[in-house]
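An overview of the molecular structure
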Amino acid sequence: MTNISPSTKNPMGKPVSSQSRIMIVNSYKAQLRQNPKLTVREARICISQDLGIGQRTISNVISEYNSKRTVTSPSKTRIKPSLKDKLDDMQLNTVRRHIHSFWFNKTIPTLDKILQVINDDDSLPNLSKMNLQRLMKFMDFVYTKRSRNSALIEKDEIVLWRRRYLLNIRKYREEGRTIYYLDETWVNAGECTSKTWVDNTIQSPRDAFLQGLTTGSQNPSGKGKRLIVLHIGSEDGFVPDGLLCFESRKTTDYHEEMNGETFYNWMSNILPRLKENSVIVMDNAPYHSVKKEKIPNTNSRKADIIKWLEEKGQVIDQPMVIPELLDIVKQIKPQFDKYVIDDLVETHNRKILRLPPYHCELNPIELAWASVKDHVKKNNTSYKLCDVKTLLMVGIKRVNENDMWKNFIRHTIEEEEKFNKIDFIVDNMLTAETERVTMTLGDTPSDSELSD
């Protein structure tokens, strides 16, 4: 009797090759010829046993063949989620704070030092050195060489943006203008505390039943459905009737479900509720920054650039190459490079002030959201979206009733002062190092002096 070796199983997660897909179809056809009444369910069980391929894969291949009369080649490259997609704004902010803490302590931040601090922080995922480098680049940090020392610093554009923001918001406060802060967030139906008290004497549900006890709180099966939330507030609290809340239809980044039209309509309704001559602080999400018109760039066609310039009153009376035309665009661009939402706000005698990228610690509504979510987590027992929405409303009311916004804004002002100090500390350290090396090079004896 000949022993037949069992079929080798296809490793889980490994794409099934084109040849294997054809074998699945051929095997399915052969079984149909023998039994025309054979169902896909019955066929996939037999084929799975024969070929060692999962039943779900077999079912998908047969369904594709029945609908298209062909099978496609598998994708050999898997799209891995980007590292920046795994970190939310608060975690990115924590990374930035860790880096700035080195400068604040007058220490040069190197990649190894930063990696150690981040991996020691339980609120952040462990990163490899390569992933940290990618994350730093995404967050607009640059690895620069000043004299003989290398250091990780922010791009000049980010530093300049932050300096302007700090100067402007200080000026608006001195003018006595009311400052409102807005931001979006999300709340999952499965929001709950990560730790709770558990009775270790209860060994099983049966044991709990016999003693008339429970096995503790029920755990959610997953994150569940999600609420997208938008609100605005000032030191007086959340603005009454300013909440926008709707159910998410996706499981990816909640920013994808907000759009310029939704935000514009919400802003139109909220502006009459804000004080005259007030300032609205917000971040740079795409739906906050919809342009009034598209400005020509290097990707634009030459005819489109000329047409845009002529519409703006520019006279093109001689042949020009594209770089010349774009130079004219650059000169007049500030007059037309405007946002739709800014125009809307200005017609109501209000002003927009945009935060520097990834500086959510300068927005006190982040602290308000943390307090609201904490209330939801501590009281969520049903994990139903309707109940979570009720808890959300109670959490917002709780923040207003306890006058928390004043404390949040006071903390934010302290953060602004820290940034102000850090910027000058970094500048002074780099300046001192550059001057030290310049003096050292200037004192170096020349070749003639050495020969003498």
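Structure's up top.
Residues numbered from 1 in each chain as written. Predicted model: local features only at pLDDT ≥ 70, side-chain atom pairs only at ≥ 80, totals over all residues. Heavy atoms only, no water.

With that settled, the discussion passes to the packing of helix H14 (residues 365-379) against helix H15 (residues 385-401). When two helices pack together, their arrangement is given by the angle between the helix axes and the distance between those axes. For the pair H14 and H15, interaxial distance at closest approach is 8 Å and the crossing angle is 135°. Classified by the angle their axes make, H14 and H15 are oblique. Relative to H15, H14 is oriented so that their crossing is right-handed. Contact residues: Ala 368, Trp 369, Ser 371, Val 372, His 375, Val 376 and Asn 379 in H14; Val 388, Leu 391, Leu 392, Val 394, Gly 395, Ile 396, Arg 398 and Val 399 in H15. Of the residues assigned to the contact of H14 with H15, the class counts are ten nonpolar, four polar and one charged. (Axes fitted to C-alpha atoms, helices over the stretch in contact; angles between N-to-C directions. Helix = DSSP H or I, 4+ residues; strand = E, 2+ residues; numbered from the N terminus. Parallel < 35°, antiparallel > 145°, perpendicular 65-115°, else oblique. Left-handed = near helix turned anticlockwise from the far one by under 90°. Contact = heavy atoms within 4.5 Å. Nonpolar A, V, L, I, M, F, W, Y, C, P; charged D, E, K, R; others polar.)

Bringing the pattern of salt bridges into the picture now. In total, this model carries 20 salt bridges according to the counting rule given. The residue Arg 97 makes a salt bridge to Glu 415 at a minimum N-O spacing of 2.5 Å. Placement of the pair is Arg 97 in helix H5 (residues 89-104) and Glu 415 in helix H16 (residues 404-442), with a sequence separation of 318 residues. Looking at Arg 97, the relative accessible area reads 36%, which means it is partly exposed. Its relative accessible area of 4% is what places Glu 415 among the buried residues. Note that Arg 162 is salt-bridged to Asp 423, the shortest N-O span being 2.6 Å. On the criterion of sequence distance, the pair formed by Arg 162 in helix H8 (residues 156-174) and Asp 423 in helix H16 is long-range, its members being 261 residues apart. When sorted by exposure, Arg 162 lands in the same class as Asp 423, which is buried. What emerges from the salt-bridge pattern is a single network uniting Arg 97, Glu 415 and Lys 418. (Salt bridge = Lys/Arg side-chain N within 4 Å of Asp/Glu carboxyl O. Buried < 20%, exposed > 50% of the residue type's maximum accessible area, 1.4 Å probe, protein only.)

Counting buried residues along strand E3 (residues 179-188), nine of its ten residues qualify, which places the element largely inside the surrounding structure. Bridge count for E3 against strand E7 (residues 279-282) is three bridges, and the pairing is parallel. Each bridged residue has a counterpart across the sheet, and for Tyr 181 the counterpart in E7 is Val 281. As paired elements, E3 and strand E4 (residues 226-234) share eight bridges and run antiparallel to each other. Its bridge partner being in E4, Trp 186 is matched across the sheet by Ile 228. (Pairing = 2+ DSSP bridges.)

Here the focus is unusual backbone geometry. Phi is positive for Asn 277, close to 60°, though the residue is something other than glycine. Located in the positive-phi region is Asn 349, a residue other than glycine, with phi close to 60°. Here Asn 349 is to be found in the loop between helix H13 (340-347) and strand E8 (351-354).

Turning next to helix H2 (residues 40-51). For H2, spanning twelve residues, the distance from its first C-alpha to its last is 16 Å, which sits close to the expected 16 Å at 1.5 Å a residue. Within H2 the residues assigned to the buried category are Ala 43, Ile 47 and Ser 48. With its buried residues spanning 130° around the axis, H2 presents them on a single face. Exposed and facing more than 90 degrees away from the buried side of H2 are Arg 41 and Gln 49. (Expected span 1.5 Å × (residues − 1). Arc of directions from axis to C-beta.)

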